[in-house]
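Examining the three-dimensional arrangement
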Amino acid sequence: MKKFALVAMLCASSYVQATDSVNQEEWRQLSAENVVVMTLPHGNVYIELAPQFSPKHAERFKSLVQSGYYDDEKFYRVIDGFVAQAGPQDGSDKDKQVKALTMEDEFSVTDQFSYTLVQKNDMFAPQTGFKDGFALGHSPDEKKAWMLHCPGVIAMARGTEPDTGSSHFYITNGQAPRYLDRIMAVFGRVVHGMNHVQAIQRTAGIEGQDKIEAATFTPMVKVRMMSDLPKAEQIQLQVQNTDSQAYTKSLEERRNRSSAFFYKKPKPVLDICQTPVNTRIVKS
């Protein structure tokens, strides 16, 4: 029993179900107007948009969702441990009807910019931390911040030139491709249903494997804003409040690894992309 309890503690899920009134200061209620519900054949994926950091891209995605643009379109570029990319057929009339956006790869901040610091001297950023539950990089010298390519983020795909993203998007489905930070427009993250993202049919196989036929690619049955669904189909989602003292304390505990299980102590380093921000469903 002790072994099972320990494994559960070390491998805690990023999703919990709540029926009690745990300290509300530690949780942030998501607005139904800001949550995308992507229905796949095998389940729903819930995405929180980040208009505070990528306003044009978040608004573009929301408007396309509300128009039914993505319904029945497929994930056509799905690479294990990298991304699941979707959108209409390249060069089609549907594809061409959506204009390209100006890149939102970073945003300006002031000296008073506040967030919950996770790590300094990250491999890809001077500092990393969380704000509103989203993983950010920060350069105080440049007075710039940007969203990070952690597992589960959603970003706009583009061509070679920066300002060429329009409607095609991708969700990171594996180890964080952080080398894409600051050159792509990240505009949200999956807050529930990442298991369904992981189950999307891969389109790239390994050498020696039969070709994966397009007919087997995973479609988006429908994509809607939570607020546009009938009340009976809506769920109340909360995520950990990364601005709370409780979350800061949990970071320190995670950094120091004080459990007796760690008979050899790892270095007190936190990888922000392996630092969970839990989600829960609140039943009324």
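Residues numbered from 1 in each chain as written. Predicted model: local features only at pLDDT ≥ 70, side-chain atom pairs only at ≥ 80, totals over all residues. Heavy atoms only, no water.

1. A closer look at the state of the cysteines
Under the counting rule described, the total for this entry stands at one disulfide. Note that Cys150 is cross-linked by a disulfide to Cys273, the S-S spacing being 2.0 Å. As the torsion about the S-S bond is roughly -75°, the Cys150-Cys273 disulfide counts as left-handed. Highlighted residues: Cys150 in the loop between β11 (144-147) and β12 (153-156) and Cys273 in the loop between α5 (245-256) and β17 (279-282), separated in sequence by 123 residues. (Disulfide = S-S within 2.5 Å. Helix = DSSP H or I, 4+ residues; strand = E, 2+ residues; numbered from the N terminus.)

2. Examining the sheet that holds strand β5 (residues 74-78)
Two pairing modes exist for strands in a sheet, parallel and antiparallel, and in both the strands are linked by backbone hydrogen bonds. Pairing within the open sheet is antiparallel, and its eight strands lie in the order β5-β6-β13-β12-β14-β4-β3-β15. This sheet does not close on itself; its edge strands, each paired only once, are β5 and β15 (222-225). Looking at each pair of strands side by side, their axes are set apart by 30° on average, direction ignored. Across four bridges, the pairing between strand β3 (residues 35-40) and β15 is antiparallel. Paired with Thr39 across the two strands is Lys222, which belongs to β15. Docked against the sheet, helix α2 (residues 55-66) engages β3, β4 (43-49), β12, β13 (169-172), β14 (185-192) and β15, running at close to 120° with respect to β15. (Pairing = 2+ DSSP bridges. Axes fitted to C-alpha atoms, helices over the stretch in contact; angles between N-to-C directions. Contact = heavy atoms within 4.5 Å.)

3. Some words on unusual backbone geometry
A positive phi angle, near 55°, is found at Asn121, a position not held by glycine. Note on placement: Asn121 falls in the loop between β8 (116-120) and β9 (127-131). In this structure, Lys143 takes a positive phi of about 60° despite not being glycine. Here Lys143 shows up in the loop between β10 (134-139) and β11.

Everything listed here is a matter of coordinates, which is why it stays silent on function.
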